[in-house]
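Fold and geometry: a report
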Amino acid sequence: MRAQNRLEPFAHRCRVYYEDTDAGGVVYYVNYLKFMERARTERLRELGFAQSELAGENLLFVVHSSQARYHAPARLDDELLVSAQVIELNRVSLRFKQQVWRASDATLLCEGQFLVACVRADSFKPRAIPEALRAAFADVSGAGKHLEQEIKRGS
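Scope of this entry: the structure provided in the associated data block. (Residues numbered from 1 in each chain as written. Predicted model: local features only at pLDDT ≥ 70, side-chain atom pairs only at ≥ 80, totals over all residues. Heavy atoms only, no water.)

**So, the environment of Gly-56**
Turning to its location among the elements, Gly-56 is positioned in helix α2 (residues 51–56). Relative accessible area serves as the criterion here: at 69%, Gly-56 is assigned to the exposed category. (Helix = DSSP H or I, 4+ residues; strand = E, 2+ residues; numbered from the N terminus. Buried < 20%, exposed > 50% of the residue type's maximum accessible area, 1.4 Å probe, protein only.)

**Focus: the packing of aromatic side chains**
On inspection of all chains with the given rule, the structure shows five aromatic pairs. Considering the side-chain rings of Tyr-28 and Tyr-29, the 4.9 Å spacing of their centres and the 55° angle between planes classify their relative orientation as tilted. Aromatic rings pair up to connect Tyr-28, Tyr-29, Tyr-32, Phe-35 and Tyr-70 into one cluster. Between the NZ or CZ atom of Arg-40 and the centre of the ring of Phe-114, over which it lies, the distance is 4.5 Å. (Phe/Tyr/Trp six-rings, centres within 6.5 Å; stacked < 30°, edge-to-face > 60°. Lys NZ or Arg CZ within 6 Å of the ring centre and 35° of its normal.)

**Structural notes on the side chain of Thr-21**
Looking at the element boundaries, Thr-21 is found in the loop between β1 (11–15) and α1 (31–46). In terms of polar contacts, Thr-21 uses its side chain to reach the backbone carbonyl oxygen of Tyr-18, at 2.8 Å. Those residues in contact with Thr-21, other than ones at most four positions away along the chain, are Val-16, Val-26, Val-27, Tyr-28 and Leu-76. (Polar contact = N/O pair within 3.5 Å; in protein donor to acceptor, adjacent residues only side chain to side chain. Contact = heavy atoms within 4.5 Å.)

Written out as structure tokens, the structure is:
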């Protein structure tokens, strides 16, 4: 099932801290993946699903594969907007398209796609995404914030 254009883009705000940077004050490349992971978690939370509750229901989401492209560096103290948009919804997996923008000047810093699989917490075997969660991701109305509005608003 394609979920593209079904949900409004979601944006998670975060700040670049000293721990995220290298000696030059530039965000270390792998930390963009952490920012994107947090945005996916917050997207689930916004839809009413906490990772801790899902784990209690024997459900985990694991990253199956990822790809990232870096466009410009983020620096210490930058405020970032990190999107998490589901572009593909299958029986046991979700594909997210994600972007990291600098809020102050709407510069695209990094973008990527992540295939996330639904697995049983006790065995890591694939399992179907629960219907309530599938419905939340496929809901036409969406509960997300418009990324474009967030970028325009800046810090």
